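Examining the three-dimensional arrangement
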Amino acid sequence: MTTTLTRRGPRAPAVIAAHRPAHRDDIEGLRAVAVLLVVLAHVGVPGLAGGYVGVDVFFVVSGFLITSLLRREVASTGRLRLARFYARRAVRLLPVATLVTLATLAGSWFLAPAPRFTEHAMDALAAATYTMNLRLAEVGTDYFAGSAPSPFQHFWSLAVEEQFYLVWPVLLVLLMWAGRGRRRVVVPVLLVLVCVSFWYSTRELDRAASWAYFGSLSRAWELGAGALLAFGAGSSRRRPALCWVGGSAILAGAVFFDGATPFPGTAALLPVLGTLAVIAARGSRLLEAAPMRWLGRMSYGWYLWHWPLLFLAPTGLVARCLLALGALLLAFLSHHLVENPVRYLKPLTAVPRRGLLLGFGLSGTAAAAAAFGLLFPPVVPTGAAVADAQRIISQAPNRELELRRLVTSSLSAGTLPGNLTPALSMVARQSLPPQDDGCHVGLTGPFKPKGDCVYSDAKADRTVVLFGDSHALQWFPALADSAQRRGWRLEVYTRSACSPAAVALIERRTQRRYDECDTWRDQMIDRIGRLKPDLVVVSSSVNYRDLLADAPGDPDAVWRDGWKKTLGELRDHAGAVAVIGDTPYFTAEPVDCLTSRSTAIGSCAGAAQQVVMEPRWRRIQRSTAVGAGALVVDPLPWMCSSDSCPLVVGNTLVYRDSNHLTEAFVRLVAPLLDSRLPWVGHRDRKK
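Notes on the structure in this doc start here. Bear in mind that the values here come from a model prediction, so they are computed numbers and not experimental data.

1. A closer look at the packing of aromatic side chains
For any pair of aromatic rings, the description rests on two quantities: the centre-to-centre distance and the angle between the ring planes. As enumerated under the stated definition, the model contains 24 aromatic pairs in all. An angle of 70° between the planes, with centres 5.4 Å apart, marks the rings of Phe85 and Tyr86 as edge-to-face. Looking at Phe85, the relative accessible area reads 0%, which means it is buried. For the ring pair Trp559 and Trp563, a centre distance of 5.8 Å and an interplane angle of 85° mean the geometry is edge-to-face. Note that Trp559 and Trp563 are positioned in helix 22 (residues 555-573) at a spacing of four residues, about one turn of the helix. For the residue pair Trp559 and Trp563, the accessibility class agrees, reading buried in each case. In textbook terms, an aromatic cluster arises when at least three aromatic residues are bridged by ring pairs, as seen for Tyr52, Phe59, Trp156, Tyr213, Phe214, Phe257 and Phe263.

Structure below.
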């Protein structure tokens, strides 16, 4: 595709001025700074927790270089050949990216826990199609998606850049055509777009942090800032002082920022403005030094290779440094054996169609490999089938005693049972009806259910409400079964990371005040007040001590008062209130241990002293509930012995992740929970 921007005639518009093509050694060195910050931060070098700002440096540099390239072409030819532009991008970027994708996928097959491979294959598919940022943004809003990283996670920034490369040339053509090539028309429009994107970034940071971090719209202003500089960089005079100021700003972000810094938002202004200053300074001896320029040439490959090595072989600091150097060696080899040979292959560069076909072929190859992995994932070794725990419990004269016997025997279990329920490969896909219906609210968004959040018998006279955070939601299968069997109406109101106790919290992922939780909690209690249910079942995580807002001097008192307030209001609104105690927390994902120790799964059990966290807060919750006249159900004896908590009970997998129960296990203990709850309506109490 070729777009002509000039017209014949006496009043042909002035073409935007541009300098002759010139290689910028300082920008090559700036790339070295960016990749060093990212790699050292991922290695875990102390004092550089904010090294992720290196990605912001890359964004600004990319916006500047691509826009400069496009301007030069327009200035020299009066037209912009889009097909040629896209072909150059494909030939330049895709060969090494495809190589890394295929190598990482193979490494994940052999080295990663088998249940994780399906997720990695989906990530590889997103990497191959340059949509990894969208996948991570979506997963980041799903509280149940877990926090385990991916060996393809770093492809998100490449996806943002590729999406920019796809849109920006076309947008630039339209702007230049509409403005008849005049800078005074193009620059103001671009400035408005940059400002809108920056505003959106700050807004999303408060609303959906993952979309603010990974989203293309929230990052576009950084690339746009580089593009603006390309239109305004008219002077060739060197400004060393400006370069040092800009470099200091970038390093300040790397040193003073960390994982708790709300980012990007206004914090991203520091590395972005710093990068603009370095580029505008037009050079420094440090950046133009031969080692820095060499590292800048290796930056693309090093960025691609370093994260998979660090992910698939996590070890101590020294070993991780050696792995990072190994990744640099791979970058050097791929640069000279793959990147440059393909990049300068004349048959590909002379005919854009060939370069585009190569790009589609490489992306298709990586996507096909990922799809093959999804269809044929590695298999976790299992043993013979064991007796079905559900049948054993249902037939036992004393179900609770039989369950405790199963828990104790599971501590010495050997091979993973062949009839494990659910299968390890399926556990991450568990989704309960309230999640699908919007009755369970995630970390973002208001309460906007698709329906009325009523389950079981919608016309029943008696109503039970399930209320709390995600640790309340996990009990939905048991409550749904009981309500259905008893002919009760079940309504569900739950929200991720939002305790029903009236305590002000910090949202863990954004590190800001979780105001949405307070609003939702008040709305749900008002809704319960209007409903006047016969029974309210409340449950909550106890893992909120570090998330209490305003750093209270007495967290225990805040926790106690929060429960006293909520339970007092619920007792005024409901016939009866029951509180289900919290379940265990594991430091690692259970499926990872079960995969690596599939022949000795009993050894994966967690010591009760470690996984039954916050015993003091559990006691406070219990005593406050009893004082408020609520019934308390302690589920710990159903999943732990006196000193250990197994991951598998009989043939039933207990945990879907580090702290939530599987639907299968909840159904296993549903009869025990049913027998403990006060299934007494308002009418019965009046009698």
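2. Some details on the packing of helix 2 (residues 53-77) against helix 9 (residues 216-232)
Contact geometry for helix 2 and helix 9: axes closest at 7 Å, N-to-C directions at 45°. By the criterion of interaxial angle, the relationship of helix 2 to helix 9 is oblique. In terms of crossing hand, the pair formed by helix 2 and helix 9 is right-handed. Facing helix 2, whose interface residues are Asp56, Phe59, Val60, Ser62, Gly63, Phe64, Thr67, Ser68 and Arg71, helix 9 presents Arg219, Glu222, Leu223, Gly226, Ala227, Leu229, Ala230 and Phe231. When grouped by side-chain class, the residues that make up the contact of helix 2 with helix 9 number eight nonpolar, five polar and four charged.

3. Observations concerning the pattern of salt bridges
The final tally for this structure, using the stated rule, is 29 salt bridges. With a closest N to O distance of 2.5 Å, Arg405 and Glu402 form a salt bridge. One end of the pair, Arg405, and the other, Glu402, are both in helix 17 (residues 399-410), three residues apart, so they sit about a helical turn from each other. What you see here is one network of salt bridges that share partners, running through Arg116, Glu119, Glu589 and Asp592.

4. Concerning helix 21 (residues 515-531)
With 17 residues, helix 21 ought to run about 24 Å at 1.5 Å a step, and its terminal C-alpha atoms sit 24 Å apart, in line with that. Among the residues of helix 21, those classed as buried are Cys517, Asp518, Trp520, Arg521, Met524, Ile525, Ile528 and Gly529. Looking at the buried side of helix 21, the elements it contacts are strand 3 (440-441), strand 5 (463-468), strand 6 (489-495), strand 8 (512-513), strand 9 (535-539) and helix 22. Looking one or two places after helix 21, you find Lys532, whose phi comes out positive at around 50°.

5. A closer look at the nonpolar core
Phe467, Trp475 and Leu490 are the most contacted members of the largest nonpolar core, which has 98 residues in total. In terms of residues, this core owes the most to one element, helix 26 (residues 663-676), which gives seven residues. When near neighbours in sequence (up to four residues on either side) are disregarded, Trp475 contacts Leu466, Ser539, Ile580, Thr583, Pro635, Trp638, Met639, Leu661, Val666, Val669 and Leu673.

6. Quick word on the pairing of strand 5
Most of strand 5 sits inside the fold, with six of its six residues counted as buried. Side chains of strand 5 alternate between two faces, with Thr463, Val465 and Phe467 and Val464, Leu466 and Gly468 buried alike. Where strand 5 meets strand 6, six bridges bridge the pair, whose relative direction is parallel. Note that in strand 6 the partner of Phe467 across the bridge is Tyr493. Relative to strand 9, strand 5 runs parallel, the two being bridged by five bridges. What sits directly across from Val464, in strand 9, is Leu535.

Analysis parameters
Residues numbered from 1 in each chain as written. Predicted model: local features only at pLDDT ≥ 70, side-chain atom pairs only at ≥ 80, totals over all residues. Heavy atoms only, no water. Phe/Tyr/Trp six-rings, centres within 6.5 Å; stacked < 30°, edge-to-face > 60°. Buried < 20%, exposed > 50% of the residue type's maximum accessible area, 1.4 Å probe, protein only. Helix = DSSP H or I, 4+ residues; strand = E, 2+ residues; numbered from the N terminus. Axes fitted to C-alpha atoms, helices over the stretch in contact; angles between N-to-C directions. Parallel < 35°, antiparallel > 145°, perpendicular 65-115°, else oblique. Left-handed = near helix turned anticlockwise from the far one by under 90°. Contact = heavy atoms within 4.5 Å. Nonpolar A, V, L, I, M, F, W, Y, C, P; charged D, E, K, R; others polar. Salt bridge = Lys/Arg side-chain N within 4 Å of Asp/Glu carboxyl O. Expected span 1.5 Å × (residues − 1). Core = buried A, V, L, I, M, F, W, Y, C linked by side-chain atoms within 4.5 Å. Pairing = 2+ DSSP bridges.

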